[in-house]
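# Observations on the model geometry
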Number of protein chains: 2
Amino acid sequence: MNNTESGAAFTELLLEVFRLNGVLLTEGDRLTADLGLTSSRWQVMGAISEHPLSVPYIAREMGLTRQGVQKMVNILMKEGLVEFEDNPHHKSSKLVSLSAEGRKRLSRIDDIQRAWANQIARDHDVDDLKRTFRFIRQLRDTLERKQS
Amino acid sequence: MNNTESGAAFTELLLEVFRLNGVLLTEGDRLTADLGLTSSRWQVMGAISEHPLSVPYIAREMGLTRQGVQKMVNILMKEGLVEFEDNPHHKSSKLVSLSAEGRKRLSRIDDIQRAWANQIARDHDVDDLKRTFRFIRQLRDTLERKQS
DNA sequence: ACCATTTTGACAACTTGTTGTCAATCAACC
DNA sequence: GGTTGATTGACAACAAGTTGTCAAAATGGT
């Protein structure tokens, strides 16, 4: 079976997404190395910065397994960056929220991340950024619908 | 510091890239689960399907560390899917090539992967796919240039 | 109110990456 | 030809995710 033109283009894109993912993780870690927070940790913290959320909810939000997020949350708990709140809708599934220290730490990271994002984004057209975001999300939708 | 419009768009894109990356890996593994080869294994095998390459070269190609690729290659070696060839340019750094069995296995995977890519790509505009590829690569270029 | 199904947390084993370090090899230059 | 610096393979420790399993808790239909 031969590749269609679209199929070949999709495969090229897919490999490039893997590479970009790697570079983004590396950069994210580098940005906040001195603050003692890796990319995945502040991503979890970012998810609960507005409202406290349960672990499975965060996982669905980020496209990860609940076990993986649970592990991360347990570590953040040990480090005193998040707290558990009672969940009115579920006795044993607590809501995770930022502690005062967690909030302070996240806000410093947010400053750094925002400055960095602004700087990178300056070199690119805002419409390209938005269009690419929409297309990537659409691609993910297609993939997720096919697998179900 | 507030986000610029571009900065916010970039951050949104970045989070979506993480999610797409996850879905792609999951799908890749699901596709070839019965063939006993995970995504990362056939990615490495794909890299050497044209010409034998050294481990560090594969790593640079894929945007990974040489140690990570080395680990993968050692596993593929144990399973008899790749072989080491003498490298005329380096006494101890062998070239990695596909074994007969590896080539056979990869060609089956390629068929499956191609059919899948064609099917997914069918739902999307080929120009969008190409444009997105170019933009993502450009983004990665920017990121890699900033960090050096 | 009961029962079947789903959701959840906890734990273990595993995969795929990372960094750091060491010694061996290679390349370049004086 | 010797020294110096970069590249390489091997190994260890670690990070971040996965799957699978179990029991407890929640949910929904009859």
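Scroll up for the structure.
Starting from 1, residues in each chain are numbered consecutively following that chain's sequence as written. Lettering of chains starts at A and numbering of ligands starts at 1, both following the order in which they are written. This being a predicted model, a pLDDT of at least 70 is required before a residue's local features are given, and a value of 80 or more before pairs of side-chain atoms are given or counted; all residues contribute to the totals for chains, interfaces and linings. Excluding hydrogens and water, the side-chain figures rest on all heavy atoms present in the structure.

## A few points about the sheet that holds strand β2 (residues 82-87) of chain B
Residues and elements named next belong to chain B. Each pair of strands is called paired provided DSSP finds at least two bridges between the two strands. To qualify as a helix, a DSSP run of H or I must reach at least 4 residues; to qualify as a strand, a run of E must reach at least 2; elements of each kind are numbered from the N terminus. Ordered by their spatial adjacency, 3 strands build an open sheet running β1-β3-β2, and the pairing between neighbours is antiparallel. Two strands close off the open sheet at either side, each with one partner strand: β1 (53-54) and β2. Relative to strand β3 (residues 90-98), β2 is paired through 5 bridges, and the arrangement is antiparallel. Each bridged residue has a counterpart across the sheet, and for F84 the counterpart in β3 is V96. Relative to β2, helix α4 (residues 66-78) is tilted by about 115°, and along the sheet it contacts β2 and β3. In what follows, a contact means two residues having at least one pair of non-hydrogen atoms within 4.5 Å. Axes, fitted as lines to C-alpha atoms, cover a helix only where it is in contact. Angles between the N-to-C directions of the axes lie from 0 to 180 degrees.

## Side note on the protein's contact with DNA strand D
By convention in these notes, a residue is near a molecule or strand provided one of its non-hydrogen atoms lies within 4 Å of it. As a structural note, the neighbourhood of DNA strand D is formed by 23 residues, with A:T38, A:T65, A:K71, A:K91 and B:R66 the closest of them. If you look at DNA strand D and keep only atoms within 4 Å of the protein, 67% of those are sugar or phosphate atoms. Contacts described as polar in this section are N or O atom pairs within 3.5 Å, which, within protein, must combine one atom able to donate a hydrogen with one able to accept it, while residues neighboring in sequence count only if both atoms come from side chains. At 3.3 Å, a side-chain N or O of A:S40 approaches a phosphate oxygen of DNA strand D. A:R41 places a polar side-chain atom, nitrogen or oxygen, 2.8 Å from a phosphate oxygen of DNA strand D. Elements supplying a minimum of two residues to the surface near DNA strand D: α2 (39-47), α4 (66-78) and β3 (90-98) of chain A together with α3 (55-62), α4 and β3 of chain B. Element by element, the count of residues in the surface near DNA strand D is highest for α4(A), at 5 residues.

## What about the pattern of salt bridges?
Side-chain pairing between opposite charges can occur once the charged atoms of the two side chains come close. Every case where a carboxyl oxygen of Asp or Glu lies within 4 Å of a side-chain nitrogen of Lys or Arg is listed as a salt bridge. What the rule picks out here adds up to 22 salt bridges over all chains. Measuring nitrogen to oxygen at the nearest pair gives 3.7 Å for the salt bridge that ties A:K94 to A:D86. Partly exposed residues are those whose accessible area sits between 20% and 50% of the maximum for their type, while under 20% is buried and over 50% is exposed, using a 1.4 Å probe and protein chains only. Accessibility expressed as a relative area gives 34% for A:K94, which makes it partly exposed. By relative accessible area, which is 62% here, A:D86 ends up exposed. With its nearest N and O atoms 3.4 Å apart, the salt bridge here joins B:E79 to B:R41. Taken together, the residues span a long stretch of sequence, with B:E79 in the loop between α4 and β2 and B:R41 in helix α2 (residues 39-47) at a distance of 38 residues. Classification of B:E79 as partly exposed rests on a relative accessible area of 40%.

## A few points about the interface of chain B and chain A
In this complex, chain B contributes 60 residues to the contact, which on the side of chain A involves 60 residues. Here chain B packs against chain A, burying approximately 6,300 Å² in sum over the two surfaces, 67% of which is carbon and sulfur. At the boundary of chain B and chain A, one finds 4 salt bridges. Between A:E16 and B:R140 there is a salt bridge whose closest N-O contact spans 2.5 Å. Taken together, chain B and chain A are joined by 14 residue pairs in polar contact (both at pLDDT 80 or more). Going through the elements one at a time, α1 (5-31), α3, α5 (100-122) and α6 (126-146) of chain B are the ones with two or more residues in the side of chain B that touches chain A. With 22 residues, α1(B) is the single largest residue contributor to the side of chain B that touches chain A. Residues of the side of chain B that touches chain A, tallied by class, amount to 25 nonpolar, 17 polar and 18 charged. Here the quantity called buried area is the total loss of accessible area, with a 1.4 Å probe, experienced by two parts when brought into contact, counted for both. When residue character is reported, Ala, Val, Leu, Ile, Met, Phe, Trp, Tyr, Cys and Pro are called nonpolar, Asp, Glu, Lys and Arg charged, and the others, Gly included, polar.

## What to know about the packing of aromatic side chains
Paired rings are identified among Phe, Tyr and Trp, the last through its six-membered ring, by centres lying within 6.5 Å, and are further divided according to the angle between planes into stacked (under 30 degrees), edge-to-face (over 60) and tilted (the rest). A complete count under the given rule lists 2 aromatic pairs over all chains for this structure. Ring geometry for A:F10 versus B:W116: centroids 5.4 Å apart, planes at 70°, classification edge-to-face. Placement of the pair is A:F10 in helix α1 (residues 5-31) and B:W116 in helix α5, with the two residues belonging to separate chains. Relative accessible area serves as the criterion here: at 2%, A:F10 is assigned to the buried category. On the basis of relative accessible area, B:W116 is assigned to the buried category, the value being 8%.

Fair warning: the whole summary comes from geometry, so function is off the table for now.
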